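Here's the letter readout for the chains.
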Amino acid sequence: MPDTAQAPAWHVDAAKYEEMYKASIADPEAFWGEEGKRLDWIKPYSKVKNVDFGYPDVSIKWYEDGTLNVASNCVDRHLEKRGDQTAIIWEPDDPSAPAQHIRYSELHENVCRMANVLKAQGVGKGDRVVIYLPMIPEAAYAMLATARIGAVHSIVFAGFSPDALANRINDCDAKVVITADEAPRGGRKTALKSNTDAALLHCKDRVKCLVVKHTGGQTTWTEGRDIDVKAEMAAASTDCAPEEVGAEDPLFILYTSGSTGKPKGVVHTSGGYLVYAAMTHQYTFDYHDGDIFWCTADVGWVTGHSYIIYGPLANGATTLMFEGVPTYPDASRFWQVCEKHKVNQFYTAPTAIRALMGQGSEFVEKCDLSSLRLLGTVGEPINPEAWNWYNDVVGKGKCPIVDTWWQTETGGHLITPLPGAIETKPGSATKPFFGVHPVILDPTSGEEITETEAEGVLCIKDSWPGQMRTVYGDHERFVSTYFEQYKGYYFSGDGCRRDADGYYWITGRVDDVINVSGHRMGTAEVESALVAHSSVAEAAVVGYPHDIKGQGIYAYVTLMNGIEPTEDLRKELEKWVRSEIGPIAKPDLIQWAPGLPKTRSGKIMRRILRKIAEDDFGALGDTSTLAEPAVVEDLIDNRMNRK
Ligand code: 6R9
């Protein structure tokens, strides 16, 4: 418990957690029927849950006959009580530039103005809007304006390449893309508008480009297609009636990597998602009225959707939005921002914690962090060393750490400690959130392991309101990805262990997804980028343990006949992948592979490649199905130095 006199009591204690959890599992209809009331509905729901996890007819609906507007739940309904309260604190990349405090009343005005700008471009209910913006207030306005008019947003992380942007604009058939001239981060600028220009060469002519002039950097301008958002907003009305949408109408699409094929458009709907984002934000972070909440994620990831924008704003919170990076101008930036804005709850990723830990504790110690009451992590397993540093140096042993396990697909936290209720153990996401029924299955038999102590694959037995509903435009892919392998369950793709106390420990992905600095990367995506290069015949990509990033990208590359493996080519391939996908996909290590280990039927044996990349080739396992065993010896002899 914090020892500051004014700290509020925790929302739940151990007994209350047990009681609420039991009730949520015993009678989900009653539990979620009650929780749904945290939103303002235009037409209240009479049906709470209508879910079928049965293969192949998976269907998930929550609050299906209710109607609402997500933006009015995040903005309008707070105006009367907290119109003058700060909704968003915006902290710019440059620490000497002023922060902005955007009141709920101003947020309302700006969202309405932006909504009217979208409407003037012919965007209406159900239309898709792609958002490719830096971490600036306009990103929040754009999301909420889209929701206000019943349209569907799809945010593309500003670190993605023109190709990745074009693919997403085309996949969801967007009517407009909202971008900015430039994105400043860590003192450097990314030319977002030029990227967008390059992307739009591969998109339908009718796609309009709304440009936020943020830095004032030079951009080329296509008359008739490009629109100056700030100028249009200034001229637009501050009135825009919110559109009534069904609970199951889509709110957003977010593309995420899977083990095969191109990224999937994860679809979240309006009612259930918002109930779940708001509820988890309140309980997991023990959010109370008046708290200053900071989630350091980018709005391009699901964490930014649920815990910078939708959860906090649905709860009438003050949410901090940070444009910069943890190490600019130096490694104390996070802590300086905490001190400056008196942050109460701070939520970040293990990779950031590890990087800052490596810079030394003095960067933390020179800041006044007495406002902090709770710390959170998300994105990947946190190693106990980083957990302890976070706990001791940042939290001074006084702030509970919530290690929240969840996914783009789940909309909000599924397994997480609740402060005041669940004792933490470094490295464990601990216990399920209300209404969440995790099970551990034997990966081979698919049977549920009923003993408390268990290890296997993590599945969820029944739905929760924040669950994704489908893959955009491809429901079959949704069913086959998440419901086919283990029938009757949602399959998370993660491995997991349950200890004798019933605590869950996530062990990492069991599929061909790697987790680089908390960002999901499909190995198939990196491979297809590599083979798109004219010198590359074949490529196989695996993850390997990396001190800061959690996992690094290890690529085995077979060159075309007659192409010489040189250092220049290695650099060129790194650059190539950066430009095909984005900087986060750049391979850390590229090994020239004269051949790849394959079965006689031609399947690449990734298990072996993983072992070599992990420097664990003493334990290659069964290699009897290898077509050419000599290939493996060559790869071992020429493996890359991981240091
Ligand atoms: C929210 C988010 C999801 C994957 C997930 C898992 C890993 C996330 C974690 C964690 C261990 C945690 N992951 N949180 N692993 N402990 N607390 O990160 O979504 O980008 O879709 O990634 O991230 O492997 O399956 P997303």
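By the naming in an unreviewed UniProt entry, the chain is Acetyl-coenzyme A synthetase, taken from Algicella marina. The chain has a UniProt comment under Sequence similarities (unreviewed entry) that states "Belongs to the ATP-dependent AMP-binding enzyme family."

Asker: What am I meant to see in the packing of aromatic side chains here?
Answerer: The geometry of an aromatic ring pair is captured by the separation of the ring centres together with the interplanar angle, meaning the angle of the planes. Counted according to the given criterion, the structure contains 40 aromatic pairs. Between Phe157 and Trp301, the ring centres sit 4.6 Å apart and the planes meet at 35°, which makes this aromatic pair tilted. Of this pair, Phe157 sits in the loop between β7 (152-155) and α7 (162-171) while Trp301 sits in the loop between β16 (292-295) and α11 (302-314), and the two are 144 residues apart along the sequence. Across the pair, Trp301 and Phe157 agree in class, each one buried. Arranged with centres 5.4 Å apart and planes meeting at 70°, the rings of Phe334 and Phe346 form a pair that is edge-to-face. Highlighted residues: Phe334 in helix α12 (residues 333-341) and Phe346 in strand β18 (residues 345-348), separated in sequence by 12 residues. Residue class for Phe334 comes out buried when judged on its relative accessible area of 3%. Each residue in the set Tyr17, Tyr21, Phe31, Trp32, Trp41, Tyr45, Trp62, Tyr63, Tyr276, Tyr283, Phe433 and Phe434 is aromatic and connected to the rest through ring pairs, giving one cluster.

Asker: Just checking my understanding: could you explain the pairing of strand β27 (residues 519-522) for this structure?
Answerer: Alternating positions in β27 separate into two faces, His519 and Met521 on one and Arg520 and Gly522 on the other, with burial throughout. Here strand β26 (residues 513-516) pairs with β27 via four bridges, running antiparallel. Bridge pairing in β27 places Val516 opposite His519. Counting the residues in the hairpin turn of β26 and β27 gives two residues, including Ser517, whose phi is positive at 50°.

Asker: Sorry, what's going on with the sheet that holds strand β21 (residues 438-441) here?
Answerer: Working definition: the strands of a sheet are paired by backbone hydrogen bonds and lie parallel or antiparallel to each other. Taken in spatial order, the four strands of this open sheet run β21-β22-β24-β25, and their pairing is antiparallel. Each edge of the open sheet is held by one strand with a lone partner, namely β21 and β25 (504-509). Taking the axes of each pair of neighbouring strands and ignoring which way they run, one obtains an average angle of 45° across the sheet. Across six bridges, the pairing between strand β22 (residues 454-460) and strand β24 (residues 490-498) is antiparallel. Bridging across to β24, Glu455 finds its partner in Arg497.

Asker: In this structure, what is going on with the domain arrangement of the chain? I would like to understand it.
Answerer: Much of the literature gives interface size as the accessible area that the parts lose upon coming together. When its domains are assigned, the chain resolves into domain 1 (99-243) and domain 2 (517-638). Between the C-alpha centres of domain 1 and domain 2 there is a distance of 37 Å. Residue-level contacts link five residues of domain 1 with seven residues of domain 2. Across the interface of domain 1 and domain 2, roughly 440 Å² is buried in total on both sides, 52% from carbon and sulfur atoms.

Asker: Would you mind showing me how to read the site of the ligand here?
Answerer: In the neighbourhood of the ligand, 17 residues make up the surrounding shell, with Asp403, Thr404, Thr408, Asp494 and Arg520 lying closest. Within the backbone of Gly379, a nitrogen or oxygen atom sits 3.1 Å from a nitrogen atom of the ligand. At 2.8 Å, a backbone N or O of Thr404 approaches a nitrogen atom of the ligand. Burial of the ligand by the protein amounts to 95% of the accessible area it has alone, namely 530 Å².

How each quantity is defined
- Residues numbered from 1 in each chain as written.
- Predicted model: local features only at pLDDT ≥ 70, side-chain atom pairs only at ≥ 80, totals over all residues.
- Heavy atoms only, no water.
- UniProt positions renumbered as here; feature names shortened; annotations may be inferred.
- Phe/Tyr/Trp six-rings, centres within 6.5 Å; stacked < 30°, edge-to-face > 60°.
- Helix = DSSP H or I, 4+ residues; strand = E, 2+ residues; numbered from the N terminus.
- Buried < 20%, exposed > 50% of the residue type's maximum accessible area, 1.4 Å probe, protein only.
- Pairing = 2+ DSSP bridges.
- Axes fitted to C-alpha atoms, helices over the stretch in contact; angles between N-to-C directions.
- Domains from an automatic or database assignment.
- Contact = heavy atoms within 4.5 Å.
- Buried area = accessible area lost by both parts, 1.4 Å probe.
- Near = heavy atom within 4 Å.
- Polar contact = N/O pair within 3.5 Å; in protein donor to acceptor, adjacent residues only side chain to side chain.
- Areas by Shrake-Rupley, 256 points an atom, 1.4 Å probe, with all protein chains shown as cover.

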